[in-house]
Amino acid sequence: MAVLLQRPHAAVACLLWCSLSGVLSIPDPRQREALIRLEASMQTGGQMVLTDAEQRLNALLFKMKQEEVMRADFPPAMHFFKARPLIKNSPIFSLLHKMPKGGALHVHDLSMVDMEWLVKNATYRPHCYMCYTDSQSIRFVFSSQWPKALPRCSPWILLENLRAKLVNTTDLDNSIMGNLTLFTDQDPETVYPSQDVIWDRFEQAFLALWGLVTYAPVFRDYYYEGLTQFYMDNVMYVELRALLPEIYELDGSSHDTTWTLKTYQEITRQFTAEHPDFFGARIIFTVHRGVNMSVMTGVVEKAMKLQRDFSDIMAGFDLVGREDSGRPLWYFRDALSLPVEKGATLPFFFHAGETDLEGTEVDQNLLDALLLNTSRIGHGFALLRHPVAKDISRKRGVAVEVCPISNQVMMLVKDLRNHPAAALMSENHPLVISSDDPGMFGTSGLSYDFYEAFVGFGGIRSHIGSLKELAINSIRYSSLTPELQEKAMALWQRRWDKFVSENSS
Ligand SMILES: *[C@@H]1O[C@H](CO)[C@@H](O)[C@H](O)[C@H]1NC(C)=O
Ligand SMILES: *[C@@H]1O[C@H](CO)[C@@H](O)[C@H](O)[C@H]1NC(C)=O
Ligand SMILES: *[C@@H]1O[C@H](CO)[C@@H](O)[C@H](O)[C@H]1NC(C)=O
Ligand SMILES: *[C@@H]1O[C@H](CO)[C@@H](O)[C@H](O)[C@H]1NC(C)=O
Ligand SMILES: *[C@@H]1O[C@H](CO)[C@@H](O)[C@H](O)[C@H]1NC(C)=O
Ligand SMILES: [Zn+2]
């Protein structure tokens, strides 16, 4: 009962409970109805008051969802790589695609764009060299001169020359594509038999695309293209986790972290000026959790400086890389306490609980993230196993960034009806839906993840109010100041009303 007592309907619940535990042998149907309503009111969107038009749209959605659930090949129950074509043709998906979804709060820099763009655009530019590594992966570099050989990689091949010799470049392009993404047409469970195998491929794919994306001209176009893809998917705001790597030019010279951040700022401004119904983007500076203590200390100091100098574009700081094999947050506690010690502002947006290693040092990250005053929790897949962390997250409004497709592809859950966020959504825990690394998973934007959330773990009972609340959450739990949140909310509301009126009849 302790949980129920915290809810707005605590008094009602207690009354019902008290009479139910009395002497009645056949429960009263009215009480049953009241309990059902009570539960429905507790879910995400359960308190949302709907307009007439929203109710009409909801009736349509409900019908669509019932038909979807009846399918023998129910997409959320399948691996996303197999489900993708089914989802793409689903009427619910096309509605979710049109729906203004607010912000995408958990997306990584180097996988925000569909990988096909990298193959068809970046690798077709002049001066692009490729080599084959010992471990059957590939590396790229752009260079005005013949580049120096890499260790454990074949001699460089100029792609222009290679393509000129081929009659048909489809196979080459497909093999490049295969290296840049985890997506596969083969049986995903055969290709990726374990978490270790898929994380290894994931890291190889990042190394493969690194030389493409960190080339200055590609870097700019890539980010612009990334914003475009989210915009086309009716997302109006992005918080991008970015490594802010050194970016190189054709002559081999390179730019530092500050240049990279400024470039994000410039392109964000340009994009927003050209698309007035796009709200903007902010950057969460990230570092790989594999670094040592002295590197981490330096990076945190750098982050504090960037946060001070670029407070409009900088949202805060986070650690990336596989939690299970990297160092836990606690290991870095001295470095991560520097901002508070020095009286500096550096909001944290920690990945935590992206694991099924229950009870290990890594599994402790959730509580440690909260101890370090994280503003949100990336993934929080393990949250249900941490009642104290869950309680703090709820009370402090530390939203969980749920990334369903990512969790399935990275093998934390098979059937998305069983995702732990089902429980979180049933009690309106603060959460947002995001797409993590859409380019790696063969998606773009946010709609596929919204589909899995809404149709998969949202269950038949989540409705238009749930979708509305999820979109509103993405603004409410963003890093924007209260004034900017208000502006963003007004823009979103205009787009939402238009969407509802266009689709409710
Ligand atoms: C790549 O995209 C950029 C920006 O959209 C465009 O200007 C350029 O022509 C494209 N290049 C190729 C080779 O497709
Ligand atoms: C190139 O090869 C692919 C696959 O090998 C094939 O599907 C495609 O039709 C070919 N394209 C042309 C223009 O011959
Ligand atoms: C990566 O590229 C190499 C070289 O083209 C190719 O042999 C290999 O099959 C590709 N890997 C994937 C997963 O597509
Ligand atoms: C930490 O890592 C950096 C970069 O890899 C290295 O240069 C440095 O020597 C390391 N420091 C310690 C104390 O191991
Ligand atoms: C977290 O917040 C508490 C309460 O405001 C404060 O005492 C503590 O120093 C903060 N810790 C960090 C690491 O920011
Ligand atoms: Zn992530």
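You'll find the structure just up there.
Everything quoted here is computed from the prediction, not taken from an experiment.

Novice: An account of the overall build of the chain is requested, with residue identities and associated values reported.
Specialist: A count of helices and strands for the chain gives 24 helices and 13 strands. For the chain, the C-alpha radius of gyration of 24 Å lies close to 23 Å, the compact-globule estimate for 505 residues. Relative to its 505 residues, the chain shows a buried fraction of 56%. A fraction of 77% describes how many contacts in the chain between residues 6 or more apart in sequence connect residues 24 or more apart. If you sum the accessible surface of the chain, you get close to 21,900 Å²; carbon and sulfur atoms cover 55% of it.

Novice: Mind laying out the packing of aromatic side chains, listing which residues take part and the relevant values?
Specialist: Under the counting rule described, the total for this entry stands at 22 aromatic pairs. Seen from their ring centres, F219 and Y264 are 5.1 Å apart, and the 65° between their planes marks the pair as edge-to-face. Taken together, the positions of F219 in helix α12 (residues 216-232) and Y264 in helix α13 (residues 257-274) put the pair 45 residues apart, joining distant regions of the chain. Each member of the pair F219 and Y264 is classed as buried. Pairing Y224 with F271 gives two aromatic rings, centres 5.1 Å apart and planes at 70°, and the pair type is edge-to-face. A residue pair is termed long-range when its members are at least 10 positions apart, and Y224 in helix α12 and F271 in helix α13 qualify at 47 residues. An aromatic cluster of at least three residues, connected via ring pairs, comprises Y224, Y231, F271 and F278. Sitting over the ring of F183, R84 keeps its end group 3.8 Å from the ring centre.

Novice: Pulling in residues and values, what's your account of the pairing of strand β2 (residues 128-132)?
Specialist: On a regular strand, one side chain projects to one face of the sheet and the next to the other, so that they alternate. With 4 of 5 residues buried, β2 is to be regarded as a mostly interior element. Note: β2 against strand β3 (residues 138-142), 5 bridges, orientation antiparallel. Opposite Y129, over in β3, you have V141 as the bridge partner. The turn linking β2 back onto β3 is made up of 5 residues, and Q136 within it adopts a positive phi angle of 60°. Bridging between β2 and strand β4 (residues 157-158) involves 2 bridges; their strand directions are antiparallel. Paired with M130 across the two strands is I157, which belongs to β4.

Calculation rules
Residues numbered from 1 in each chain as written. Chains lettered and ligands numbered in written order. Predicted model: local features only at pLDDT ≥ 70, side-chain atom pairs only at ≥ 80, totals over all residues. Heavy atoms only, no water. Helix = DSSP H or I, 4+ residues; strand = E, 2+ residues; numbered from the N terminus. Rg over C-alpha atoms; globule rule 2.2 N^0.38 Å. Buried < 20%, exposed > 50% of the residue type's maximum accessible area, 1.4 Å probe, protein only. Contact = heavy atoms within 4.5 Å. Areas by Shrake-Rupley, 256 points an atom, 1.4 Å probe, with all protein chains shown as cover. Phe/Tyr/Trp six-rings, centres within 6.5 Å; stacked < 30°, edge-to-face > 60°. Lys NZ or Arg CZ within 6 Å of the ring centre and 35° of its normal. Pairing = 2+ DSSP bridges.

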